[in-house]
Each structure stands twice: as C-alpha cells, then as structure tokens.
Amino acid sequence: MDLYEHQARQLFAEHGIAVPEAEVVALAREARSAAERLGGRVVVKAQVRTGGRGKAGGVRLAADPAAAELTARHILGMDIKGHTVRKVMLAQPVDIKAEFYVSYVLDRAAGAFLAIASAEGGTEIEEVAATRPEAVARIPVDPANGVTEAKAAEIAAAAGLPPPTLPVLRALWQVLIREDALLVEVNPLVRTAEGLILALDGKVTLDDNARFRNGRWDNGGTEPGADPLEATAAAKGLNYVKLDGEVGVIGNGAGLVMSTLDVVAGCGARPADFLDIGGGASAQVMADGLSVILSDPAVKSVFVNVFGGITACDAVADGIVQALETVRLTKPLVVRLDGNSAARGREILAERAHPLVEQVTTMDGAAKRAAVLANAG
Ligand code: GDP
Ligand code: MN
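Since the structure is predicted, the reported quantities are computational estimates derived from the model, not experimental observations. (Residues numbered from 1 in each chain as written. Chains lettered and ligands numbered in written order. Predicted model: local features only at pLDDT ≥ 70, side-chain atom pairs only at ≥ 80, totals over all residues. Heavy atoms only, no water.)

Peer 1: Outline the pattern of salt bridges, supporting the account with residue identities and numerical values.
Peer 2: Following the criterion strictly, the structure yields 21 salt bridges and no others. Taken together, the shared-partner salt bridges in this structure form one network comprising Glu5, Lys45, Arg53 and Asp201. (Salt bridge = Lys/Arg side-chain N within 4 Å of Asp/Glu carboxyl O.)

Peer 1: Could you give me a rundown of the coordination of the manganese ion (ligand 2), with the residues and numbers involved?
Peer 2: Within the first shell, the manganese ion (ligand 2) binds the protein through Asn187 (O) and Asp201 (OD), at distances of 2.2 to 2.3 Å. Residue Asn187 is located in strand β10 (residues 181–192), and its partner Asp201 is located in the loop between β11 (197–199) and β12 (202–206); the two are separated by 14 residues in the primary sequence. Here the two residues Asn187 and Asp201 agree in accessibility, since each one is buried. (Donors = N, O, S within 2.8 Å, 3.2 Å for Na, K, Ca; no water. Helix = DSSP H or I, 4+ residues; strand = E, 2+ residues; numbered from the N terminus. Buried < 20%, exposed > 50% of the residue type's maximum accessible area, 1.4 Å probe, protein only.)

Peer 1: Explain unusual backbone geometry residue by residue, including any values.
Peer 2: Going from Asn187 to Pro188, the amide bond is cis rather than trans, its omega being 5 degrees. Along the chain, Pro188 falls in strand β10. One non-glycine residue, Asp180, lies in the positive phi region at around 60 degrees. Residue position: Asp180 is located in the loop between α6 (166–178) and β10. Its relative accessible area of 17% is what places Asp180 among the buried residues. Phi angles above zero are rare outside glycine, and Ser341 is one such case at about 60 degrees. What makes Ser341 partly exposed here is its relative accessible area of 31%.

Purely spatial values, then, with no claim about function.
This is the structure in structure tokens:
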C-alpha cells in the first residue's frame with residue numbers, strides 16, 4: 001500500500017526527520033485559513049499517490065492566503081496520471097540550496113535491501129539516473145545490520161551527500177524497518193539557506209502483509225489504489241493485478257493463472273494482467289473481469305484459461321455467454337476449457353458462435369493464438 005505524501009511525512013517526523021510545517025485540506029476555502037496559520041506564503045501540493053506532481057502542475061507556490069485559495073481551487077479536482085486530486089497539502093516554503101535523493105528499497109531480484117542516493121535529487125532524478133548512472137549511488141544494505149553510522153557514512157560518501165544528512169539516512173532506515181515498509185523515498189531531501197536538512201517530499205510503500213499492524217493507514221479499503229484499473233477491479237471484488245503487457249489473462253486458481261502468465265510470455269507476448277476468477281466462476285465475475293480487462297487500452301487479445309475441477313467448464317461457458325450479453329467484446333477472446341465438463345462447455349461456446357471468440361483445446365495452443373492475435377492487433 002502506497003501512502004500519501006502527508007502520511008509519509010508524518011512517519012518521517014515521528015522518526016526524527018525534519019519536515020516543513022504543513023496542513024492538509026479538501027476545500028479551497030480551508031486553504032486560505034491554513035495558509036494564514038502557516039505564515040501566508042505557502043507551497044500548495046496535490047495529494048495523489050503518484051510521482052511527477054511538480055511537472056504536472058500539482059506543486060505551486062502561493063504568495064499569500066488569497067493566492068493559496070485560488071491555487072488550491074485550481075489543483076483540487078485536477079487529474080494527474082489518472083489520479084483525481086481530492087486533497088491538497090499546504091506547506092511552509094523553503095529556500096532550497098541543494099536537492100538530494102535518498103531511498104531504501106527492497107530489491108527482490110538481489111534478495112537484499114538497496115540504498116539509492118544522489119547529490120542531484122529533484123524532479124530530474126530519473127533523467128540523471130538514465131543519462132549519468134554514476135551520479136546515483138546504489139549500496140546494498142544487510143537488514144541484519146541495518147544502516148549503522150558506518151553504513152550511513154558509506155552511502156553519503158558514495159553519493160556525495162554532506163555529513164549533516166547522516167542522521168536522516170539512519171532515521172529513514174528506521175522508518176523502513178519499524179513501519180514495515182518495502183520502499184521509503186525522500187526526493188528532494190534539501191539543504192536550506194539556513195543549513196537545515198529537510199524532507200520536502202516523501203514516498204512510503206507499506207508491506208501489505210503487515211496491514212494488521214498498520215491499521216491507522218487503512219482508509220477503509222475504498223480509496224483508489226495506485227492503479228485506476230486495480231481500484232475498479234478491487235471495488236468489484238476481483239483478484240486482479242495490472243501488468244504491462246497486451247494479452248489479457250483470466251484463469252481459475254492462482255497457480256493456473258501464474259503458469260498462464262509464463263506460457264504467454266513463452267509465446268513471445270506479455271500478459272496485461274493477473275486475474276484469478278477462483279472457484280465458482282459466476283457469470284457476474286466473468287462479466288466484471290472481462291469489463292475490467294477490456295477497458296485496459298493496452299489489451300490486444302484476451303486469453304481465458306480454465307481447468308474445470310470443482311468449477312465445471314459448462315458453468316464457466318455459461319458465464320462467458322452471459323457476460324457477452326452485458327459486455328461488448330471489442331477484442332479477440334481465446335478460450336481454453338479443459339477438465340470437468342469441458343466437452344459440454346465447448347459446445348455451449350460453439351453454439352453462441354461469437355465472431356470474436358475462438359476456442360483452442362490446449363493451454364499451449366491457446367496461449368500461442370492469443371499471442372499471435374495480440375502481436376497482430
Ligand atoms: P513531485 O514532483 O511529485 O516529486 O513533488 P515534490 O514535492 O518533490 O515537488 C517538486 C519540486 O518542487 C521539488 O523538487 C522542489 O524543487 C519544488 N518544491 C517543493 N516544495 C518546495 C518549497 O517549499 N520551496 C521551493 N523553492 N521549492 C519547492
Ligand atoms: Mn518529489
């Protein structure tokens with residue numbers, strides 16, 4: 001679960017990382033009084049769980065409370081990468097002398113934590129990382145030892161960060177460990193004209209496996225997630241994860257869906273999602289699943305892979321046929337039914353004879369067909 005900036009900064013403050021004074025509001029007129037309390041001049045910042053707000057016009061300086069209200073009115077309701085701004089944070093502005101980048105992230109591929117740090121933080125960090133990777137230090141951190149004084153010094157030296165950032169490097173590690181986070185990022189961490197080190201922006205991703213310990217951040221589960229399609233799917237109660245390919249995948253059972261992703265990848269295409277319809281596979285679940293997948297503009301073909309066990313294939317076929325009554329199929333659908341009542345299931349689909357629905361009896365064959373259709377589309 002990703003936290004909002006104002007939640008991340010609260011964790012930073014609790015662990016001793018200095019942040020500018022700020023308030024969060026949902027209405028433009030509240031922005032005026034908040035700005036008055038903060039001293040008049042404020043930075044107005046969109047609260048959305050995505051990066052690049054500055055470049056999208058979601059971070060603006062306001063000279064006085066009246067300007068803060070106008071600016072808040074402008075930013076509230078704005079769309080930033082598919083996220084609607086529902087709250088803004090007003091923060092005391094800072095006279096920035098230098099911007100740094102610091103993060104700790106779980107590197108699953110390396111099976112380790114990684115400190116990533118740079119003396120060239122700010123909104124161009126991705127550009128810096130791409131064009132001059134040597135300006136971004138990447139130092140493994142052994143979680144058994146954590147960020148000791150020596151480790152903090154090693155990270156700072158590798159990145160070219162000044163010594164006053166050392167306590168922040170150590171405190172940020174405490175945020176990661178104590179709050180069950182998978183990622184903590186400060187960009188920018190700034191040095192002010194007065195020589196203070198402040199976290200001006202924060203990103204924290206908590207480990208969902210520790211949700212039972214992080215109840216205070218659980219906003220009831222009704223808030224939109226990081227991805228709009230995942231949020232829609234979650235609202236429909238679907239077990240859906242957005243991926244970045246072009247073959248929509250629906251299957252029954254997490255194991256089958258995961259092997260389906262592998263087989264699709266083996267056929268030279270990339271899966272667009274993970275969607276497990278589980279046992280039962282009602283027409284409603286099939287219709288909901290298809291509508292979410294078809295609304296993903298990246299999807300070029302859809303592969304439904306079902307192995308009938310407790311769920312009989314004829315029930316799944318009925319589900320697909322009923323789903324086609326409510327969802328307009330706009331992309332080719334390849335269906336593979338096998339196992340319990342597969343023959344009857346195939347008959348039902350054949351009788352429906354939808355021009356965009358094809359049946360292939362083997363998983364490999366169906367994956368190949370879906371991949372060919374995706375690559376052609
Ligand atoms: P992001 O674009 O979503 O990462 O949003 P940030 O909170 O990082 O803000 C983007 C940029 O706005 C930062 O890199 C800063 O350069 C600038 N910025 C944010 N807050 C302040 C501030 O208080 N004073 C000044 N001068 N610049 C700020
Ligand atoms: Mn930032």
